[in-house]
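Observations on the model geometry
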Amino acid sequence: MGKSLRNISVLCAVALAAMSTQPRAQEVKELHVMNSGGEFADAADKCVNEPLLKSEGIKVIQDTPGGYAKMVAQAKSGVIVNAVTDGSTGDMFREAAEGLIEPIDWAALNPDPMFDEAKNPDGFGQSYFSTIMAWRSDAKAPQNFVDFFDVDKFPGKRTLPDYPDFLLPFAAMGDGMTSEEVSKGVDLDRAFKTLERVKDHVIWWQSGSQPAQLLKDNEAQYAIAWSGRVVGQDGVESTYNQGMLDLSWFMIAKGISDEQRDMVYKWLRLQSKADVQKCLLDYLPYPGPSPELEKIVSPEVLKTFPTSTENKKVQWLMSGKWWYDNAKEVEKRWNDFKLLQ
């Protein structure tokens, strides 16, 4: 009996030693990130955060909404709780200029293939969207933005974004600027000349869901809208021709620890995978930055993408630097214009 007990003790010791060399399945680290919340946060949980917890033992805590103000607040506090925020192209340039975010070491991150413009030195291009023209199916179809802003040849109400960065480039194109020209910067005189000419034919929108509804209700006949809100809608026609292609970004807070950075890079690397981006498309109509994504979706879905080969080649990319450099003048002229409406 004594020999049996000794054997059992030896076996237990061996088992404990073996267990001590295995990863501790219960050891979970927390990564805090900020984003816009809502449908996006739900999709991220299903497609990104839950798989990351299973594969890496990293639990992602989402704080909503994110943005510039929260990045400033935590920078001033000196305690970097949220390692990442999402934001627009303009937000990325502003936060980089003010030293709120750190550059991305793309070699260390080592993502799956991504479109070149999505690999910014200061941001990870999370998803694409476009701002495009749309119109009622029974309205005369414009071919370009000169047509779009010609209220005599194309009569009807225009519903336009109450946001200068999503409108002024197109207004300048309505006065004849080319896509190539506005991709480098906007001639504000030409933009406001167009808006003064059409202002009595405008319904302003602030929520992305409004343009499609205004078109369907026949309150407006033409719209400038975000692609995910109008493409494929019943009774609504649209085109990516001369559309403004843009991205939503993830930016990494300056001052995070090495441990936080390691978790962030694992989180971002997962989101560079085409199958993860396909999962996100089940919840959101905005494609991710993988050129491989178009190979694993149906042709019907692909033709709605702003990043499909056919759609991408007729669009232009927004210049975040120009908007940052000219922000004060744009804001002043926009406010002066709106005050007189």
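Residues numbered from 1 in each chain as written. Predicted model: local features only at pLDDT ≥ 70, side-chain atom pairs only at ≥ 80, totals over all residues. Heavy atoms only, no water.

On a plain count of helices and strands, the chain comes out with 17 helices and ten strands. In terms of overall dimensions, the chain has a C-alpha envelope of 105 × 45 × 30 Å along the principal axes. Looking at the 341 residues of the chain, the share that counts as buried comes to 46%. Put simply, of all contacts in the chain between residues at least 6 apart along the chain, 72% involve residues at least 24 apart. For the chain, the exposed area adds up to about 17000 Å²; of that, 51% sits on carbon and sulfur atoms. The positive charge centre, built from 38 side chains, and the negative charge centre, built from 49, are 3 Å apart in the chain. (Helix = DSSP H or I, 4+ residues; strand = E, 2+ residues; numbered from the N terminus. Buried < 20%, exposed > 50% of the residue type's maximum accessible area, 1.4 Å probe, protein only. Contact = heavy atoms within 4.5 Å. Areas by Shrake-Rupley, 256 points an atom, 1.4 Å probe, with all protein chains shown as cover. Lys, Arg positive; Asp, Glu negative; His and termini not counted. Charge placed at Lys NZ, Arg CZ, Asp CG, Glu CD.)

Of note, the amide linkage connecting Thr64 to Pro65 takes the cis form, showing an omega dihedral of -15°. Residue Asn218 is not a glycine yet carries a positive backbone phi of 60°. Looking at where Asn218 falls in the secondary structure, it is placed in the loop between α10 (210-216) and β8 (222-226). For Asn218, a relative accessible area of 41% puts it in the partly exposed group. Notably, Gln242 is not glycine yet its phi reads approximately 65°, a positive angle. With respect to the helices, strands and loops of the structure, Gln242 is situated in strand β9 (residues 236-252).

A separate point is the state of the cysteines. Summed over all chains, the structure comprises one disulfide. Through a disulfide, Cys47 is tied to Cys279; the S-S separation comes to 2.0 Å. Where Cys47 bonds to Cys279 through sulfur, the torsion about that S-S bond is close to -75°, and the disulfide is left-handed. With Cys47 in helix α2 (residues 38-56) and Cys279 in helix α13 (residues 274-280), the pair connects residues that are 232 residues apart, well separated along the chain. Residue classification places Cys279 among the partly exposed residues on the basis of a relative accessible area of 24%. (Disulfide = S-S within 2.5 Å.)

Any two packed helices are characterised by how steeply their axes cross, that is the angle between the axes, and by the distance between the axes. Where helix α9 (residues 188-198) contacts helix α17 (residues 327-339), the axes come no closer than 12 Å and their chain directions differ by 15°. The angle between the axes of α9 and α17 places the two elements in the roughly parallel class. As for how α9 packs across α17, the hand of that crossing is right-handed. Of the residues in α17, those in contact with Leu188, Asp189, Phe192, Leu195 and Glu196 of α9 are Glu329, Val330, Arg333, Trp334 and Phe337. (Axes fitted to C-alpha atoms, helices over the stretch in contact; angles between N-to-C directions. Parallel < 35°, antiparallel > 145°, perpendicular 65-115°, else oblique. Left-handed = near helix turned anticlockwise from the far one by under 90°.)

In the structure shown here, the tally under the stated rule is 20 salt bridges. As a salt-bridge pair, Lys273 and Asp112 come within 3.6 Å of each other at their nearest N and O atoms. On the criterion of sequence distance, the pair formed by Lys273 in the loop between α12 (258-271) and α13 and Asp112 in the loop between α5 (106-109) and β4 (119-120) is long-range, its members being 161 residues apart. With a relative accessible area of 30%, Lys273 lands in the partly exposed category. (Salt bridge = Lys/Arg side-chain N within 4 Å of Asp/Glu carboxyl O.)

This next bit is on the confidence of the model for the chain. It should be kept in mind that the predicted coordinates are not to be read in detail where pLDDT is low. In the predicted model, the chain carries a mean pLDDT of 92, and 92% of its residues have values of at least 70. With pLDDT under 50 throughout, residues 7-23 is counted as low confidence; its partners more than four residues away or in other chains account for zero contacts. (pLDDT = per-residue confidence, 0-100.)

This part is about the nonpolar core. Inside soluble globular proteins, nonpolar side chains tend to come together where they are buried. Counting residues in hydrophobic clusters, the biggest one holds 44 residues, and the most contacted among them are Leu31, Phe124, Val264, Trp267 and Leu268. In this structure, Phe166, Ala171, Ala191 and Met318 belong to the second largest nonpolar core, which totals 38 residues. (Core = buried A, V, L, I, M, F, W, Y, C linked by side-chain atoms within 4.5 Å.)

With that settled, consider the pairing of strand β3 (residues 84-87). Burial along β3 is two-sided: the face carrying Val84 and Asp86 and the face carrying Thr85 and Gly87 are both buried. Looking at chain direction, β3 and β9 are connected through four bridges and run antiparallel. Residue pairing across strands places Val84 opposite Ile252, the latter belonging to β9. (Pairing = 2+ DSSP bridges.)

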